[in-house]
Amino acid sequence: QVQLVESGGGLVRPGGSLRLSCVPSEFTFDYYAVAWFRYAPGKEREGIGAITDGDTIYADSMKGRFTISVDNAKDTAYLEMTNLKPEDTAVYYCAAEYPFVPKKVWDHPYEYDYWGQGTQVTVSS
């Protein structure tokens, strides 16, 4: 069952930028941890980053090109992506958990109870 709804994916050229959005279906992001993951065929689910308990955390490989934010007024989470590369091609998912996720396990999928359906991002010329 879809609990979060992602949007903003699509085809983008290498070096381009894209902003993904995530909206909860039956709750608000107040007091929720929010994370972004991606999943490409043949690869494990990969954590991008998370906002939890007032901290913003990124996987080392994601630092510099990916930015996570939450607009509380719009009740929307965002993933800003820049300088995209073909290897960034994947299905991107947002996830949430109440009220937070321990920082040390932010990138463990089982910590999150709420997930979106994913949005496809394809980076190609």
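Above this note sits the structure.
Residues numbered from 1 in each chain as written. Predicted model: local features only at pLDDT ≥ 70, side-chain atom pairs only at ≥ 80, totals over all residues. Heavy atoms only, no water.

Novice: Just to check I follow, could you spell out the state of the cysteines for this structure?
Specialist: Here a disulfide denotes one covalent bond, and it connects the sulfur atoms of two cysteines. The full count for this structure, using the stated rule, is 1 disulfide. A sulfur-sulfur distance of 1.9 Å marks the disulfide that ties Cys22 to Cys94. What sets the handedness of the Cys22 and Cys94 disulfide is the S-S torsion sign, and at about 65 degrees it is right-handed. In this pair, Cys22 sits in strand β3 (residues 18–24) while Cys94 sits in strand β9 (residues 90–97), placing the two residues 72 residues apart along the sequence. Given a relative accessible area of 0%, Cys94 falls into the buried group. (Disulfide = S-S within 2.5 Å. Helix = DSSP H or I, 4+ residues; strand = E, 2+ residues; numbered from the N terminus. Buried < 20%, exposed > 50% of the residue type's maximum accessible area, 1.4 Å probe, protein only.)

Novice: I tried to follow the packing of aromatic side chains on my own but got confused; where do I start?
Specialist: Centre distance and the angle of the planes are the two values used to describe a pair of aromatic rings. Inspection of the entire model under this criterion finds 8 aromatic pairs. Measuring from ring centre to ring centre gives 6.0 Å for Tyr32 and Tyr114, while their planes differ by 65 degrees; the resulting arrangement is edge-to-face. Here Tyr32 is found in the loop between β3 and β4 (33–39), whereas its partner Tyr114 is found in strand β10 (residues 114–115), with 82 residues between them in sequence. You can call Tyr32 buried: its relative accessible area is 17%. For the pair Phe37 and Trp115, a centre-to-centre distance of 5.1 Å together with 45 degrees between the ring planes defines the contact as tilted. Of the two residues, Phe37 sits in strand β4 while Trp115 sits in strand β10, which places them 78 residues apart along the sequence. We note that Phe37, like Trp115, is buried. (Phe/Tyr/Trp six-rings, centres within 6.5 Å; stacked < 30°, edge-to-face > 60°.)

Novice: Which parts of the structure should I look at to understand the nonpolar core?
Specialist: What tends to happen in soluble globular proteins is that the nonpolar side chains get buried as a cluster. With 38 residues, the main nonpolar core has Leu20, Phe29, Trp36, Leu79, Met81, Tyr92 and Tyr112 as its most contacted residues. Among the elements of the structure, β3, β4, β5 (46–52), β7 (66–71), β8 (76–81), β9 and β11 (119–123) are those that each provide at least two residues to this core. Residues within four places of Phe29 in sequence aside, it is in contact with Leu4, Cys22, Pro24, Val34, Val70, Asp75, Thr76, Ala77 and Ala96. (Core = buried A, V, L, I, M, F, W, Y, C linked by side-chain atoms within 4.5 Å. Contact = heavy atoms within 4.5 Å.)

Novice: Would you mind going over empty space enclosed by the protein with me for this structure?
Specialist: Remark: the empty space left among the atoms is shown by a probe the size of a water molecule rolled over them. Within the structure shown, the criterion is met by 1 cavity of 30 Å³ or more. One number sums up the size of the largest cavity: a volume of about 50 Å³. Of the residues that constitute the lining of the largest cavity, the class distribution is 3 nonpolar, 1 polar and 5 charged. (1 Å grid on protein atoms, 1.4 Å probe; cavity = no way out; pocket = protein on both sides within 12 Å on 5 of 7 lines; lining within 4 Å. Points joined across faces, edges and corners; volume = space filled by probe spheres on them. Nonpolar A, V, L, I, M, F, W, Y, C, P; charged D, E, K, R; others polar.)

Novice: Can you walk me through the pairing of strand β6 (residues 55–58) in this structure?
Specialist: Consecutive residues of a regular strand have side chains that alternate between opposite faces of the sheet. Of the pairings in the sheet, the one linking β5 to β6 comprises 4 bridges and is antiparallel in character. When the bridges of β6 are listed, Ala50 appears paired with Ile57. (Pairing = 2+ DSSP bridges.)

Novice: Looking at this structure, I do not really get the sheet that holds strand β1 (residues 4–7). What am I missing?
Specialist: The pairing of strands in a sheet comes from backbone hydrogen bonds and takes either a parallel or an antiparallel form. A sheet is described by the order of its strands in space; here 4 strands give the open sequence β1-β3-β8-β7, paired in antiparallel fashion. Bordering the open sheet on either side are β1 and β7, each of which pairs with just one other strand. Direction aside, the axes of adjacent strands within the sheet are offset by 20 degrees on average. The pairing of β1 with β3 spans 4 bridges and is antiparallel. The residue of β3 that forms the bridge with Leu4 is Pro24. (Axes fitted to C-alpha atoms, helices over the stretch in contact; angles between N-to-C directions.)

These values are about where atoms sit, not about what they do.
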